[in-house]
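A closer look at the structure
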Amino acid sequence: MAAKVVTVNRDTKPGIYPVLIGMAITFKNMLQTMFGHGAATIQFPEEKRKTSGRYRGIHILTQRLDGTPKCVACYMCATACPAECIYIEAGERPEATIEKYPTRFEIDLLRCVYCGFCVDACPEEAIFMSRENDLVGTSRAEMIIDRDRLMERAKLVEYGPGYRPTDHDVRRPVRIAALERLKHEHGIVPGPPSR
Amino acid sequence: MAGIEIPHFCWHPDLPVDGNCRMCLVEIEKMPKLQIACNTVVSDGMVVRTTSEKAVQAHRTTLEFLLVNHPIDCPVCDQAGECYLQDQYMEHGLHDSKIQPEEKVRKRKVVDLGPIMLDAERCVLCSRCLRFEANVTGTNSFEFVNRGDHMQISTFENRPITHNYAGNLADVCPVGALLSHDFRFKMRVWFLEATDSVCPGCSTGCNIFIDHRDGEAQRLRPRRNVEVNKSWMCDIGRKEYKEIALDARVTAARVRGTSGWEGASVPTALDTLADRLREAGTASAFLATPQATNEDLFAFRTLAEKVGGMLDFRVGDPQDKVRVLEDSVLLRADRNPNTQGCLDQGLGRTGVKEILAACAAGKVGALVLQGPELLRSAEALDALGRVPFVAVMATREEPLLDRAHLVLPAAMWAEVDGTFTNYQRRVQRIRRAFAAPGSATPRWQMAAGVSTRLGTPLPAATARDVFALLARAVPDYAGLDFKTVGAGGRGLPAGPEQIATQEARA
């Protein structure tokens with residue numbers, strides 16, 4: 001493709017008009033941050049900054065109706081975690097239908113990079129992220145939060161839910177990759193998802 | 001064998017062919033229908049297609065049938081990650097199930113069969129466990145019950161598995177129907193790293209994998225070796241990994257001072273040992289252990305020859321039990337992995353009784369024990385009391401170590417490189433899976449350290465070098481090195497005893 005030559009005339013002098021437009025924008029923003037809704041300063045901690053519904057804050061472990069964790073200790077989140085900040089120990093539940101649950105579930109919030117991969121990886125929708133983002137502590141040990149803290153509902157109510165698996169493709173990335181390989185290597189296209 | 005992967009569930013290299021899973025269908029020219037690869041005899045000029053459209057379609061159909069009643073359990077199933085069903089679904093299936101979860105046939109879950117957990121829902125009815133029970137252990141614990149969709153495996157009245165090879169049932173099961181109770185919920189398998197090794201539990205020397213993570217052994221698994229253990233190992237061997245992670249490991253050297261034990265670094269402890277051996281000279285005695293590797297034994301032997309003391313290893317007469325089978329499968333009466341190595345290197349010299357007699361007579365100035373076996377024997381108690389200096393290389397803390405004057409921390413089998421020689425005179429390689437705790441050191445290194453202090457260093461920096469020296473010194477091992485021993489081990493020419501037994505058999 002032949003290159004197109006554009007000639008730019010830089011030998012121009014701006015008139016007063018563009019300067020006035022620029023000044024107007026600056027002045028408008030100044031007034032907005034002083035009196036309007038776009039104020040950059042907020043009265044933290046009484047007032048909290050607004051975050052989006054997909055904000056990735058501190059994790060939440062969801063519960064079953066009886067208050068036990070929905071997590072089945074499959075270690076998918078710990079496997080997906082790029083920061084290796086999730087520590088799980090599995091135990092046996094008495095019900096044969098569920099079998100497995102986490103006796104320990106700890107997240108080192110200082111190691112966590114808040115990428116949300118754990119939420120994507122979870123097959124049970126047992127972990128998602130809240131919009132809680134003001135983490136304070138006096139020691140590193142305090143920043144490793146355990147299962148009970150992760151299941152605290154009050155925090156969730158206070159901050160609201162963040163990144164969670166609501167509008168995900170039901171076919172997870174691994175499966176999509178495998179489907180593509182199957183099509184490429186064997187020319188097989190399984191039927192569309194039944195739902 | 002040609003490197004062509006054919007999907008299968010029921011076929012197992014060490015079990016008879018059953019041909020029930022229908023997963024290995026292949027297209028063969030001039031045959032009207034697809035044939036199962038496992039039970040079709042190869043003939044001249046046969047043209048087999050394993051990835052033709054017809055064959056792949058057959059794999060997919062078979063898999064869909066197998067998955068009709070399979071629960072969606074993968075998140076809680078310990079087999080996930082090493083499950084044939086999972087692998088083959090990702091390879092050939094990827095279909096959406098036509099069956100709703102509620103329509104699936106429910107079967108028994110979480111049935112405790114002692115060392116094994118049974119989950120009948122996950123079973124694909126391949127009958128590998130039945131064939132294992134029938135052909136390897138001869139116990140026939142499992143049978144199919146019910147028919148059609150409701151068919152499942154069961155033991156009679158849910159009785160537990162009592163034989164010593166139950167762990168293999170979890171290994172042969174291609175899915176998560178039979179799982180190890182010991183490994184249950186402990187770890188997801190994809191976190192584990194496998195290191196080739198040899199089981200130290202008895203003189204059979206089953207080839208194994210050490211599955212470990214972050215320096216901790218999590219389980220032992222048999223590694224296939226047709227010459228030794230096929231695909232099996234016993235449950236006693238499987239428990240060997242628990243010894244490694246014990247809290248009560250000896251992690252530092254210590255010397256008995258005037259007021260009891262005093263901690264010492266390994267080099268200072270070796271200094272002390274070298275001084276005592278120099279003083280004692282030929283009035284010293286050395287007891288090797290059949291728990292040690294060939295390299296350990298060689299360095300120990302070299303040291304003993306240098307000092308000129310008495311030398312033996314036969315505490316408890318392991319040499320008489322080396323070839324004695326304890327059951328009909330693998331386990332042998334000699335619970336040491338390397339008694340044959342001791343015999344091959346000619347460590348049975350003075351006789352343990354003679355050494356003890358010399359000790360009792362006060363003729364031994366320094367006694368060096370490569371393992372704590374002698375401390376455990378009751379007859380040796382008096383004799384040991386008369387030796388002014390007893391040094392012991394130990395792996396595990398026990399009160400009996402108080403009978404010694406110097407304790408050296410020894411690394412265990414999973415923490416060292418080396419070789420064991422099994423009852424068949426097969427030299428097999430063990431590999432270092434992870435670091436030893438504290439300042440625990442391989443036994444050959446400590447023996448070599450004492451040799452260095454006595455003025456004749458062993459020209460070796462690694463276990464590989466020691467083995468090279470050994471191969472030059474011991475005629476039967478001539479020409480061997482770690483490379484030629486390889487993953488499967490190397491059989492030595494038959495010794496006189498073996499030839500005798502072969503003749504007796506004939």
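Residues numbered from 1 in each chain as written. Chains lettered and ligands numbered in written order. Predicted model: local features only at pLDDT ≥ 70, side-chain atom pairs only at ≥ 80, totals over all residues.

Overview of the overall build of chain B
Short version of the rule: A run of H or I in DSSP counts as a helix once it spans at least four residues, and a run of E counts as a strand once it spans at least two, with each numbered from the N terminus. Three exposure classes are used, based on other C-beta atoms lying within 10 Å of a residue's own C-beta, which is placed from the backbone: buried for 20 or more, exposed for 12 or fewer, and partly exposed in between. Residue pairs qualify as contacts under a 7 Å threshold applied to their C-beta atoms, which are placed from the backbone.
Scanning chain B from N- to C-terminus turns up 16 helices and 21 strands. Taken along its principal axes, the extent of the C-alpha atoms in chain B is 85 × 50 × 40 Å. In chain B, which comprises 506 residues, the share counted as buried stands at 48%. Residue pairs in contact within chain B that sit at least 24 positions apart in sequence constitute 67% of those at least 6 positions apart.

Quick notes on the nonpolar core
Put simply, the test is: Throughout this description, the term nonpolar core refers to a group of buried Ala, Val, Leu, Ile, Met, Phe, Trp, Tyr and Cys residues whose C-beta atoms join them within 7 Å.
Counting 136 residues, the largest nonpolar core has B:Cys359 and B:Ala391 as its most contacted members. Per-element accounting of this core gives the leading share, seven residues, to helix α8 (residues 294–307) of chain B. Counting residues in each nonpolar core, the second largest holds 30 residues, with A:Val72, A:Ile86, A:Met129 and A:Tyr163 among its members.

Quick look at α8(B)
All names here are of chain B. Formally: To estimate the expected span of a helix, subtract one from its residue number and multiply by 1.5 Å.
With 14 residues, α8 should cover 20 Å at 1.5 Å per step; its first-to-last C-alpha distance of 20 Å lies within 8% of that length. Within α8, 12 of the 14 residues are buried, which leaves the element mostly enclosed by the surrounding structure. Turning to α8, its buried residues number three or more, namely Asn294, Glu295, Asp296, Leu297, Phe298, Ala299, Phe300, Arg301, Thr302, Leu303, Ala304 and Val307. Once α8 ends, the next one or two residues include Gly308, with phi positive near 90°.

Notes on the environment of A:Leu135
Residue and element names in this part refer to chain A. Checked against the element boundaries, Leu135 lands in the loop between β4 (127–129) and β5 (144–145). On the neighbour-count criterion, Leu135 (13 C-beta atoms within 10 Å) is partly exposed. Linking Leu135 and Leu110, residues 25 residues apart in sequence, is a C-alpha distance of 9.8 Å.

Examining the domain arrangement of chain B
How big an interface is tends to be stated in terms of accessible area lost as the parts join. Residue and element names in this part refer to chain B. The cut-off we apply is this: Bear in mind that the domain bounds are from an automatic or database domain assignment. As a working rule, the residues Ala, Val, Leu, Ile, Met, Phe, Trp, Tyr, Cys and Pro are called nonpolar, Asp, Glu, Lys and Arg charged, and the rest polar, with Gly in that last group.
Domain parsing of chain B yields domain 1 (25–180), domain 2 (190–244) and domain 3 (253–505). A C-alpha centroid distance of 24 Å is found between domain 1 and domain 2. If you look at the interface, domain 1 gives nine residues, while domain 2 gives eight residues. Looking at the side of domain 1 that touches domain 2, the element that brings in the most residues is helix α4 (residues 167–172), giving three residues. For the side of domain 1 that touches domain 2, the per-class residue count stands at four nonpolar, four polar and one charged.

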